[in-house]
Amino acid sequence: MRIAIIGSGPSGFYAAEAVQKKVPGVAIDMFERLHAPYGLVRYGVAPDHEKLKSVTKVFDMVAGKPGLRWFGQVELGRDIQLEDLTRRYHAVVLATGAQASRRLGIPGDDKPGSYNAADFVAWYNGHPDFRHLQFDLSGETAVVVGHGNVALDVARILLKPVDELASTEIASHALEALRNSKVRKVCVVGRRGPAQAKFTNKELAEFEQLAGVTAMVRDDELTFNEASRFELESPAGDEARRNVVLLRKFSDVAADAVSPNERCIEFRFCLAPVRLEGNDEVEALVLERTALTGSAFQQGSRGTGEFFLMPCHAVFASVGYKGVAPANVPFDARAATVRHVNGRIVDESGVQQPGLYCTGWIKRGPSGVIGTNRNDSVETVATLLADLQAGALGEPAAGDDIADLLRDRGVDFLDFQAWSRLDAFEKQTGARSGKAREKLVQRHEVRAALQAVAGSSLTCTT
Ligand SMILES: Cc1cc2nc3c(=O)[nH]c(=O)nc-3n(C[C@H](O)[C@H](O)[C@H](O)COP(=O)(O)OP(=O)(O)OC[C@H]3O[C@@H](n4cnc5c(N)ncnc54)[C@H](O)[C@@H]3O)c2cc1C
Ligand SMILES: NC(=O)c1ccc[n+]([C@@H]2O[C@H](COP(=O)([O-])OP(=O)(O)OC[C@H]3O[C@@H](n4cnc5c(N)ncnc54)[C@H](OP(=O)(O)O)[C@@H]3O)[C@@H](O)[C@H]2O)c1
């Protein structure tokens, strides 16, 4: 059996692992648009969360199994089309993640100083597509909108002492910008209450330990309606309950306890962004106080008509990611995910698209940690193998090797050995300046690195 997997983030690797476990001798070709594998583990997970990145060792083992070929710098939709794959493989699994981010969509959010958290994250993580961005960190106050873990990552990177970031794999251009940053206060603003915040306790607790940073919460925002109290007392409210314990600690800190030279973070609740104000650039965020409505665990927020200005110099919208529709694949535009049933891609009427499957964020939307993608991929692969057993997967029409097609098209693809050499190169270069790695960001740097490493070639050798 020949399977193509598009995307080499966690869900792509876990799908490969699940197939390898069930089908000895399976041939898997994995296609990745970038020169490096691992998806958001490399380009999303914060550089100071280095331990989490060790999951890449599991992915390397999957990549090293006989029968798996990794094709770096090959993008579905640019270098290959879906039909190229369906003609050559029994099954195609889309594991392309959520490549876009949600916008605030409020007046003024196109002003200089209004940024997307996802762009900032990709920039400090050295994603090639975001290298050109610039973030003005010359003002003292920044606001992060959203109460998810990405919001906390952004706030922490803005506030963390730069010397502590300097030994991580953070991109050098970001390190330099953060070294010159004047940001002293970060407000993390959510439209719902403390019991509804989506960030997790471990990530919130990091602000207790952050050197030179004081965490604060206003007492009058740490209040709970009946439904929220019910949420906090329920078994499902465990994470929120522990968050509230921490937030109460933060609320004991008086605002005047922060000296003018210190950095601080303030968690604000029940405030919805309304518009960004400023002449040439962001000068303030207008917020509306909200009240919670609805039953426990389903509470939404509605405006109360009370508005106020939060003066600030930069706003980072951290309101979630969204999937991008692959060409000729049924897509649910509202959910921004591929249409599927248990990983089997179906059209609007529920009719199966033979041989097409999906997993990870493009399947279920942008939620869950790295490990969540393992179960997700196991489900998709179980569906795929059930279809195989039922005889629902046809024989591929073309017998030629996709590598030949790519060569014919002049695509400079990389194999996993080439990536391993780049990986070693990055670590060596980083070690010279005391960093975990110095990421190769731009394509010309990748090219030069490959030339610098003896015996390497740009094109696939397997
Ligand atoms: C900022 C951020 C920080 C996070 N931090 C953590 C954390 O600390 N701990 C944790 O457990 N989870 C964390 N997560 C969640 C975790 O990263 C995701 O659950 C996981 O990466 C989703 O996996 P995926 O494979 O579906 O998508 P991705 O990881 O996005 O992988 C998709 C891959 O597909 C490739 N691709 C896309 N389109 C194409 C195409 N057309 N052709 C070829 N290749 C393509 C992409 O380049 C990418 O490599 C974080 C998420 C974000 C956004
Ligand atoms: N360390 C880690 O483990 C880690 C790190 C980073 C990311 N991740 C994971 O990656 C996934 C994505 O994280 P995320 O932070 O991007 O998403 P998220 O957890 O879904 O959080 C998004 C936040 O944006 C808010 N929001 C959405 N639309 C808004 C709007 N129009 N106005 C104001 N606020 C709005 C949401 O509020 P409502 O709740 O009111 O909708 C929510 O607080 C999550 O599963 C996360 O846990 C994990």
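Draft legend 1. Layout of the overall build of the chain. If you tally the helices and strands in the chain, you get 16 helices and 20 strands. In summary, the chain has a C-alpha radius of gyration of 24 Å against a globular reference of 23 Å for 462 residues, a match within 12%. For the chain, the spread of C-alpha atoms along the three principal axes comes to 70 × 55 × 40 Å. For the chain, with 462 residues in total, the buried portion stands at 54%. Restricting the contact set of the chain to residue pairs at least 6 apart, pairs at least 24 apart contribute 74%.

Draft legend 2. Representation of the sheet that holds strand β2 (residues 27–32). The strand order across the open sheet built from seven strands is β3-β2-β1-β4-β20-β19-β18, with neighbouring strands paired in mixed fashion. If you trace the sheet from one side to the other, it starts and ends with β3 (68–72) and β18 (340–341), each paired once. Of the pairings in the sheet, the one linking strand β4 (residues 91–94) to strand β20 (residues 352–358) comprises three bridges and is parallel in character. By the bridge assignment, Val92 is partnered in β20 with Leu356.

Draft legend 3. View of the sheet that holds strand β12 (residues 284–293). Overall, antiparallel pairing links the three strands, which are arranged β11-β12-β13 in an open sheet. Each edge of the open sheet is held by one strand with a lone partner, namely β11 (271–277) and β13 (300–311). This sheet shows a mean twist of 20 degrees between the axes of neighbouring strands, independent of strand direction. Summarising the sheet, β12 and β13 pair through nine bridges and their orientation is antiparallel. Of the residues in β13, the one forming a bridge with Leu287 is Phe308.

Draft legend 4. Examining the site of ligand 1 more closely. Neighbouring ligand 1 are 32 residues; Ser11, Glu32, Leu40, Trp361 and Ile370 lie closest to it. One of the backbone nitrogen or oxygen atoms of Ile370 is found 2.8 Å away from an oxygen atom of ligand 1. Considered on its own, ligand 1 offers 1000 Å² of accessible surface; in the complex 92% of this is hidden by protein. Residue assignment for the shell around ligand 1 shows that the elements contributing at least two residues are α1 (10–22), β2 and α6 (149–159). When its residues are assigned to classes, the shell around ligand 1 shows 16 nonpolar, twelve polar and four charged. Inspection of the shell around ligand 1 shows a minimum of three residues originating in each of domain 1 (2–99 + 322–413) and domain 2 (103–319).

Draft legend 5. Focus on the site of ligand 2. Lining the immediate environment of ligand 2, one finds 21 residues, of which His147, Arg191, Arg192, Glu203 and Gly368 sit closest. His147 is positioned such that a nitrogen or oxygen atom in its backbone is 2.9 Å from an oxygen atom of ligand 2. For the shell around ligand 2, the leading source of residues is α6, giving three residues. For the shell around ligand 2, the residue count by class is eight nonpolar, eight polar and five charged. Counting contributing residues, the shell around ligand 2 receives three or more from each of domain 1 (2–99 + 322–413) and domain 2 (103–319).

Draft legend 6. Fine view of the nonpolar core. Counting residues in hydrophobic clusters, the biggest one holds 54 residues, and the most contacted among them are Phe267 and Phe316. Examining the composition of this core, we find that seven residues originate from one element, α6, more than from any other. Filtering out sequence-adjacent residues up to four positions away, Phe267 remains in contact with Leu152, Val188, Leu204, Phe207, Ala215, Met216, Val217, Glu221, Leu247 and Phe250. Counting 42 residues, the second largest nonpolar core, distinct from the first, contains Val93, Val381, Phe416 and Leu422.

Draft legend 7. The confidence of the model for the chain, seen in detail. On average, residues of the chain carry a pLDDT of 95, and 98% of them reach 70 or more. When the criterion is pLDDT under 50, residues 456–462 qualifies, and its contacts beyond four places in sequence or with other chains add up to 21 contacts.

Draft legend 8. Focus on the pairing of strand β8 (residues 185–189). Burial runs high along β8: four of the five residues are buried. Pairing geometry for strand β7 (residues 141–145) and β8, over five bridges, is parallel. Paired with Ala142 across the strands is Val186, a residue of β8. As paired strands, β8 and strand β10 (residues 263–268) are joined by five bridges and run parallel to one another. Following the sheet pairing, Val189 is matched in β10 by Arg268.

Draft legend 9. Molecular detail of the pattern of salt bridges. Enumeration according to the criterion identifies 39 salt bridges in this entry. Glu169 is paired through a salt bridge with Lys53; the nearest N and O atoms lie 3.1 Å apart. One end of the pair, Glu169, is in the loop between α7 (162–165) and α8 (172–179); the other, Lys53, is in the loop between α2 (40–43) and α3 (56–64), with 116 residues separating them in the sequence. With a relative accessible area of 7%, Glu169 lands in the buried category. It is possible to trace a salt-bridge network through shared partners that takes in Arg42, Lys53, Glu169, Asp423, Glu426, Lys427, Arg437 and Lys439.

Rules of the game
- Residues numbered from 1 in each chain as written.
- Chains lettered and ligands numbered in written order.
- Predicted model: local features only at pLDDT ≥ 70, side-chain atom pairs only at ≥ 80, totals over all residues.
- Heavy atoms only, no water.
- Helix = DSSP H or I, 4+ residues; strand = E, 2+ residues; numbered from the N terminus.
- Rg over C-alpha atoms; globule rule 2.2 N^0.38 Å.
- Buried < 20%, exposed > 50% of the residue type's maximum accessible area, 1.4 Å probe, protein only.
- Contact = heavy atoms within 4.5 Å.
- Pairing = 2+ DSSP bridges.
- Axes fitted to C-alpha atoms, helices over the stretch in contact; angles between N-to-C directions.
- Near = heavy atom within 4 Å.
- Polar contact = N/O pair within 3.5 Å; in protein donor to acceptor, adjacent residues only side chain to side chain.
- Areas by Shrake-Rupley, 256 points an atom, 1.4 Å probe, with all protein chains shown as cover.
- Nonpolar A, V, L, I, M, F, W, Y, C, P; charged D, E, K, R; others polar.
- Domains from an automatic or database assignment.
- Core = buried A, V, L, I, M, F, W, Y, C linked by side-chain atoms within 4.5 Å.
- pLDDT = per-residue confidence, 0-100.
- Salt bridge = Lys/Arg side-chain N within 4 Å of Asp/Glu carboxyl O.

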